[in-house]
Amino acid sequence: MKNLRNHTTTLLDPNVQSQNELYGLCERLSNGLPGLTGNTLLLLRLGVPTPSAGLAFPQALREQMTVQFYLDARPGKHFIRHERPASGAEPSGGGPVHRFWLSRLPIPQKHQVIDRLGL
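Nothing here was measured: the structure is a model prediction, and the numbers come from that model.

Side note on the overall build of the chain
- Along the chain, the regular secondary structure elements total five helices and five strands.
- Helices (α) and strands (β) of the chain occur, in sequence order from the N terminus, as α-β-α-α-β-α-β-β-β-α.
- Looking at the chain as a whole, 39% of its 119 residues qualify as buried.
- Intrachain contacts of the chain at a sequence separation of at least 6 include 48% that bridge at least 24 residues.
- Approximately 6,900 Å² of the chain is accessible, and the part contributed by carbon and sulfur atoms is 52%.

Below is the structure:
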C-alpha cells in the first residue's frame, strides 16, 4: 500500500539466464499479483508500473518477453498470448492466452497503456 500512496515504482531487474526463466517469472508474477492475469502481463510487457506493487521491468527484459497482442479479436475484447519459449529444434507450442480489460485498470495505468499501444 505504501507504493500506492507515494506513487513510486520499483524497477524489478531479476537475474534471468534464459527465456524459460523469464517465461516462468512472468507467469508467476502475473498469476500472483492482484488483479486480472492478462492486465498484469500487459503492464509488465509495456513497462507500466503495476497498480498493486508498482513493479516494472527494465527495457531489456521487456524486449525479451514473447507476447502477442490480439486487439479487438472479438468486438470489445482484447487478448494477450504469452508464448512459451521453443525447446530445442521444436517450434513454440503457443502459450496461455489471457483476456485483458483496459476498463478495469486504474486511471493512470489505463492512460499509459492506451498511449503505448496506440489505441
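Digging into the nonpolar core
- Core analysis: the biggest nonpolar cluster contains 22 residues, and Leu 29, Leu 42, Phe 57, Met 65 and Val 113 have the highest contact counts within it.
- Elements that contribute at least two residues to this core include exactly helix H2 (19-32), helix H3 (37-46) and helix H5 (107-117).
- Take this core: its biggest share by element is five residues, from H3.
- Excluding residues that lie within four positions of it along the chain, Phe 57 makes contacts with Leu 11, Leu 12, Leu 25, Cys 26, Leu 29, Leu 44, Arg 62 and Met 65.

Brief notes about the environment of Asp 72
- Mapping Asp 72 onto the fold places it in strand S3 (residues 67-74).
- Once residues lying within four places of it in the same chain are set aside, the contact partners of Asp 72 are Lys 77 and His 78.

Points about the packing of H2 against H3
- In the contact formed by H2 and H3, the axes pass within 8 Å of each other and the chain directions differ by 130°. In terms of their interaxial angle, H2 and H3 are classed as oblique. As H2 packs across H3, the resulting crossing turns out to be right-handed. Along its contact with H2, which presents Cys 26, Leu 29, Ser 30 and Asn 31, the element H3 presents Thr 37, Thr 40, Leu 41 and Leu 44.
- Along the lines of polarity and charge, the residues of the contact of H2 with H3 split into four nonpolar, four polar and no charged.

A short note on the packing of H3 against H5
- Orientation of H3 relative to H5, taken along the N-to-C sense of each, is 60°, at an axis distance of 11 Å. Taken together, the axis directions place H3 and H5 in an arrangement best described as oblique. Seen along the crossing, H3 lies across H5 with a hand that is left-handed. Across the interface between the two elements, Leu 42, Leu 43 and Leu 46 from H3 touch Gln 109, Val 113, Arg 116 and Leu 117 from H5.

Notes on the pairing of strand S5 (residues 97-100)
- Of the two faces of S5, only the one carrying His 98 and Phe 100 is buried; Val 97 and Arg 99 on the other face are not.
- As defined by bridge partners, strand S4 (residues 77-82) adjoins S5 across four bridges and the pair is classed as antiparallel. Counted as the bridge partner of Phe 79 is Arg 99 from S5.

What counts and what doesn't
- Residues numbered from 1 in each chain as written.
- Predicted model: local features only at pLDDT ≥ 70, side-chain atom pairs only at ≥ 80, totals over all residues.
- Heavy atoms only, no water.
- Helix = DSSP H or I, 4+ residues; strand = E, 2+ residues; numbered from the N terminus.
- Buried < 20%, exposed > 50% of the residue type's maximum accessible area, 1.4 Å probe, protein only.
- Contact = heavy atoms within 4.5 Å.
- Areas by Shrake-Rupley, 256 points an atom, 1.4 Å probe, with all protein chains shown as cover.
- Core = buried A, V, L, I, M, F, W, Y, C linked by side-chain atoms within 4.5 Å.
- Axes fitted to C-alpha atoms, helices over the stretch in contact; angles between N-to-C directions.
- Parallel < 35°, antiparallel > 145°, perpendicular 65-115°, else oblique.
- Left-handed = near helix turned anticlockwise from the far one by under 90°.
- Nonpolar A, V, L, I, M, F, W, Y, C, P; charged D, E, K, R; others polar.
- Pairing = 2+ DSSP bridges.

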